[in-house]
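In case you want the letters, here they are:
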Amino acid sequence: MFGLEKPAGQQKPGRSGGVPNMASVGDFNVLSSSIPATKVELSVSCRNLLDRDTFSKSDPICVLYTQAIGNKEWREFGRTEVIDNTLNPDFVRKFIMDYFFEERENLRFDFYDVDSKSPNLSKHDFLGQMFCTLGEIVGSQGSRLEKSIVGIPGKKCGTVIVTAEELGCCRDSVLMQFCANKLDKKDFFGKSDPFLVFHRSNEDGSFTICHKTEVIKNTLNPVWQAFKISVRALCNGDYDRTIKVEVYDWDRDGSHDFIGEFTTSYRELSRGQSQFNVYEVINPKKKGKKKKYVNSGTVTLLSFLIETEVSFLDYIKGGTQINFTVAIDFTASNGNPSQPTSLHYMNPYQLNAYGMALKAVGEIIQDYDSDKMFPALGFGARLPPDGRVSHEFALNGNPQNPYCHGIDGVMEAYYRSLKSVQLYGPTNFAPVINHVARYAASVKDGSQYFVLLIITDGVISDMAQTKESIVNASKLPMSIIIVGVGPAEFDAMEELDGDVVRISSRGKFAERDIVQFVPFRDYIDRSGNHVLSMARLAKDVLAEIPEQFLSYMRVRGIKPSPAPPPYTPPIHVLQTQI
């Protein structure tokens with residue numbers, strides 16, 4: 001079928017994975033070689049596509065491209081099926097992608113009207129395209145993004161709706177308990193010492209052991225303890241796959257005697273305690289020899305409880321907003337901004353270290369903030385008109401409303417401040433941490449989480465106060481990222497990070513680790529490839545945020561809000577003139 005084929009020259013040997021009805025997995029990406037945080041499934045629908053066919057409607061297909069981080073080259077990730085004769089397709093084939101909060105994954109959806117069996121896209125009519133990031137889809141309300149299709153000048157190309165769904169079977173566990181009755185007696189002097197062994201079946205018909213119960217001594221009617229196992233381990237997420245359970249009599253020398261076995265499936269077990277979940281234990285050898293053989297006892301399921309581990313995406317989908325605040329170090333140790341040696345030098349051709357760090361982190365976080373309004377603060381400068389020193393001033397000059405529109409708005413306010421304030425000192429962090437903490441303290445219901453990015457050239461003057469602020473903030477829905485720029489020694493920052501020793505103040509330890517520190521110099525790419533080095537920086541500073549976020553929600557017992565109901569887009573029927 002056309003939708004499954006790859007254009008000539010793009011098929012990678014041995015990459016198909018043999019997964020039916022699923023968009024193919026894209027190329028290996030150096031940055032994504034860590035364990036994926038989770039997998040998401042993207043569903044695509046369109047409304048009011050362009051009609052390119054004379055006598056009938058278009059036959060659309062969607063082709064998804066992902067972008068390599070370093071060289072910005074677009075690579076085909078996969079294709080949906082072709083749907084004949086419609087301008088409002090709901091594509092059945094999904095795209096399954098690895099999702100990392102800390103990476104910016106650029107996506108491009110291209111739409112074509114298919115005119116022949118050729119896999120070559122240039123042989124088909126282009127219907128337009130849509131650009132977005134994976135974070136934008138996930139961060140939209142209900143993880144549902146609706147955007148106009150563009151790309152054909154002067155034409156309205158319709159809209160595309162992309163929904164992201166986290167693949168759930170990865171996260172379910174079950175808590176089960178079994179007992180047995182009238183098992184065969186295997187021991188000469190006493191009763192049996194029974195235990196159960198669970199196996200999941202593989203695609204090729206073989207079995208893999210996935211759980212063993214404890215041994216219950218000297219009984220033919222054992223009750224085993226409840227045990228927890230992930231659905232992935234039990235049946236690889238396939239609810240109808242055979243699960244084989246063997247019953248053994250334990251022997252000290254390891255030559256355990258086989259009592260018998262039975263088979264079931266996750267779907268059967270999920271009915272819970274009922275007549276369906278009483279299993280006859282059969283010993284095939286005995287059955288073959290003895291005419292009157294009935295069974296070697298029975299095993300009964302006593303309880304079956306599904307537990308779903310909640311994930312970062314569950315909260316985002318339920319509407320939790322991530323509020324991003326930036327605080328920039330305006331102390332004199334940065335150097336005079338008009339000199340090329342200054343860390344604040346305003347080079348017309350290239351961003352300085354502050355600008356690069358701000359952009360790298362901000363561009364990823366902004367996808368999770370619906371209004372894209374970010375408070376931007378400065379510290380350590382003398383302000384006009386009277387030259388008073390401030391450790392918490394609004395970069396846009398408006399203390400009542402320090403919000404800037406988007407990361408570009410923050411950059412603009414930063415450059416404006418550099419022209420109006422005088423770099424001074426000392427380097428105090430506590431005021432900006434307390435500033436964000438005041439907001440975080442007012443919303444503890446899980447609907448908002450705050451991330452403060454502090455960019456600094458280093459040597460901190462108010463260490464004791466900062467530690468106290470961090471210990472207090474560790475009880476609040478917030479995380480702090482510190483990026484150190486310039487050549488200074490950052491030993492104090494490492495202490496604040498708390499990865500090695502949990503931070504404390506006046507004998508009180510931080511409730512959770514909320515600070516992540518990285519030195520900017522570790523990410524300077526000698527070859528001048530700033531795009532790649534900034535992607536690495538963002539990856540390292542943001543990787544801990546989902547876990548810090550979840551640790552707050554878990555400690556407070558906050559469950560994700562239910563996602564808004566799934567949206568069924570209305571189909572606008574276009575009246576055709578006869």
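Criteria and cut-off values
Sequence order sets the numbering: in each chain, residues are counted from 1 along the sequence as written. Thresholds applied to this predicted model are a pLDDT of at least 70 for local features of residues and 80 or more for the giving and counting of side-chain atom pairs; totals over whole chains, interfaces and linings are not thresholded and use all residues. Excluded from the side-chain calculations are hydrogens and water; all other atoms, namely the structure's heavy atoms, are used. Ring pairs shown here join Phe, Tyr and Trp side chains whose ring centres sit within 6.5 Å, with only the six-membered ring taken for Trp; geometry is labelled stacked below 30 degrees between planes, edge-to-face above 60, and tilted in between. Put simply, DSSP H or I for four residues or longer makes a helix, DSSP E for two residues or longer makes a strand, and each gets a number counted from the N terminus. Summary of the burial criterion: residues with accessible area below 20% of their type's maximum are buried, those above 50% are exposed, and those between are partly exposed, where the area comes from a 1.4 Å probe applied to protein chains only. Charge over a ring is defined by NZ of Lys or CZ of Arg lying within 6 Å of the ring centre and within 35 degrees of the ring normal. We call a set of buried residues a nonpolar core when its members are Ala, Val, Leu, Ile, Met, Phe, Trp, Tyr or Cys and they connect through side-chain atoms within 4.5 Å of each other. A cavity, in this analysis, means grid points on a 1 Å lattice covering only the protein atoms where a 1.4 Å probe fits yet has no way out; a pocket is instead an open set bounded by protein on both sides within 12 Å along at least five of seven lines, and a residue lines either one if it has an atom within 4 Å of a point. Grid points are joined across faces, edges and corners, and a volume is the space filled by probe spheres set on the points. For this classification, the nonpolar set comprises Ala, Val, Leu, Ile, Met, Phe, Trp, Tyr, Cys and Pro, the charged set comprises Asp, Glu, Lys and Arg, and every other residue, Gly included, is treated as polar. The span expected for a helix works out to 1.5 Å for each residue beyond the first. Pairing between two strands is assigned when DSSP locates at least 2 bridges connecting them. As a rule, the C-alpha atoms of each element are fitted with a line to give its axis, helices using only the stretch in contact, and angles between N-to-C directions run from 0 to 180 degrees. Note on contacts: a residue pair qualifies if any of its non-hydrogen atoms lie within 4.5 Å across the two residues. Just so you know how the angles are binned, under 35 degrees is roughly parallel, over 145 roughly antiparallel, 65 to 115 roughly perpendicular, and the rest oblique. Left-handed is the label given to a crossing in which the near helix is rotated counterclockwise from the far helix by less than a right angle, and right-handed is the label when the rotation is clockwise. Patch membership is restricted to residues that have no salt bridge and whose relative accessible area is over 30%. Joining uses 9 Å for like charges and 5 Å for the nonpolar side chains Val, Leu, Ile, Met, Phe, Trp and Tyr. With residues, only the protein chains shown are counted as cover, and all accessible areas are computed by Shrake-Rupley using a 1.4 Å probe. Within this document, salt bridges are pairs made up of a side-chain nitrogen of Lys or Arg and a carboxyl oxygen of Asp or Glu, the two lying within 4 Å of each other. When charges are counted, Lys and Arg contribute as positive and Asp and Glu as negative, whereas His and the chain ends are disregarded. Note that the charge is assigned to NZ on lysines, CZ on arginines, CG on aspartates and CD on glutamates.

Once that is clear, we can look at the packing of aromatic side chains. According to the stated counting rule, one finds 24 aromatic pairs in the structure shown. Geometrically, the ring pair formed by Phe178 and Phe198 is tilted, given 5.4 Å between the ring centres and 50° between the ring planes. In this pair, Phe178 sits in strand S9 (residues 172–181) while Phe198 sits in strand S10 (residues 194–201), placing the two residues 20 residues apart along the sequence. Taking 5.4 Å as the distance between ring centres and 75° as the angle between the ring planes, the aromatic pair formed by Tyr315 and Phe549 counts as edge-to-face. Here Tyr315, found in helix H5 (residues 312–317), pairs with Phe549, found in helix H12 (residues 545–556); they are 234 residues apart in sequence, far enough to count as distant. The pair formed by Tyr315 and Phe549 is uniform in burial state, with each residue classed as buried. Above the plane of the ring of Phe207 lies Lys244, whose end atom (NZ or CZ) is 4.4 Å from the centre. When the ring centre of Tyr424 is taken as origin, the NZ or CZ atom of Arg382, which lies over that ring, is 4.4 Å away.

All right, on to the nonpolar core then. For soluble globular proteins, the rule of thumb is that nonpolar side chains tend to be buried together. One finds Leu42, Phe109, Phe111, Ile137, Phe330, Val483 and Leu542 to be the most contacted residues of the largest nonpolar core, which totals 87 residues. For this core, the leading source of residues is helix H6 (residues 353–365), giving nine residues. Counting residues in hydrophobic clusters, the runner-up holds 31 residues, among them Ile433, Met463, Phe490 and Ile514.

A few words on empty space enclosed by the protein. This structure, assessed with the given rule, holds four cavities of 30 Å³ or more. Lining the largest cavity are 14 residues, with Phe100, Glu103, Arg104, Glu105 and Gly135 positioned closest to its centre. Residues that form the lining of the largest cavity fall into these classes: six nonpolar, three polar and five charged.

Glancing now at H12. The end-to-end C-alpha distance of H12, which contains twelve residues, comes to 17 Å, matching closely the 16 Å that a straight helix rising 1.5 Å per residue would cover. Those residues of H12 lying buried are Ile545, Pro546, Gln548, Phe549, Leu550, Ser551, Tyr552 and Met553. Looking one or two residues beyond H12, the residue adopting positive phi is Gly557, at roughly 65°.

Our focus in this paragraph is the pairing of strand S11 (residues 207–212). Sheet topology note: the S10/S11 ladder contains five bridges and is antiparallel. Looking at S11, one finds that Val197 is bridged to Lys212. Counted between consecutive antiparallel strands, the loop separating S10 from S11 contains five residues, among which Gly205 sits at a positive phi close to 90°.

With that settled, the discussion passes to the sheet that holds strand S3 (residues 74–79). Across the sheet, four strands lie side by side as S3-S2-S5-S6; this open sheet has antiparallel pairing. Each having just a single partner strand, S3 and strand S6 (125–133) make up the two edges of the open sheet. Averaged over neighbouring strand pairs, the angle between their axes works out to 25° when direction is ignored. Pairing of strand S2 (residues 60–67) with strand S5 (residues 106–113) involves seven bridges; the strand directions are antiparallel. Counted as the bridge partner of Tyr65 is Arg108 from S5.

With that settled, the discussion passes to the sheet that holds S10. Taking strand neighbours across the sheet as the criterion, the four strands line up as S11-S10-S13-S14 in an open arrangement whose pairing is antiparallel. Looking along the sheet, the strands with just one partner apiece sit at the ends: S11 and strand S14 (257–265). Direction aside, the axes of adjacent strands within the sheet are offset by 30° on average.

Our next topic: the side chain of Thr320. Summarising the element assignment, Thr320 is placed in the loop between H5 and strand S17 (321–329). In this structure Thr320 touches Tyr315, Gly446, Ser447, Gln448, Tyr449, Phe549 and Met553, once residues within four positions along its chain are discounted.

Examined against the element boundaries, Lys72 turns out to sit in the loop between S2 and S3. With a relative accessible area of 42%, Lys72 lands in the partly exposed category. Sequence-wise, Lys72 and Val531 are 459 residues apart; in three dimensions their C-alpha atoms are separated by 9.2 Å.

One way to put it is that H6 packs onto helix H7 (residues 406–420) with a least axis distance of 10 Å and a crossing angle of 160°. One finds that H6 runs roughly antiparallel with respect to H7. Along this stretch, H6 crosses H7, giving a crossing that reads as right-handed. When H6 is examined against H7, the residues Tyr354, Gly355, Leu358, Lys359, Gly362 and Glu363 are found in contact with a partner set consisting of Ile407, Asp408, Val410, Met411 and Tyr414.

Together, Glu489, Asp491, Glu494 and Asp499 line one region of the surface with negative charge. Residue placement: Glu494 occurs in helix H10 (residues 491–497). On the basis of relative accessible area, Glu494 is assigned to the partly exposed category, the value being 48%.

Looking now at the pattern of salt bridges. Summed over all chains, the structure comprises 22 salt bridges. Ionic pairing is found between Glu363 and Lys359, a salt bridge with its closest N-O pair at 3.4 Å. Of this pair, Glu363 and Lys359 both sit in helix H6, four residues apart, roughly one helical turn. What makes Glu363 partly exposed here is its relative accessible area of 24%. Among the residues examined, Lys359 registers a relative accessible area of 25% and is labelled partly exposed.

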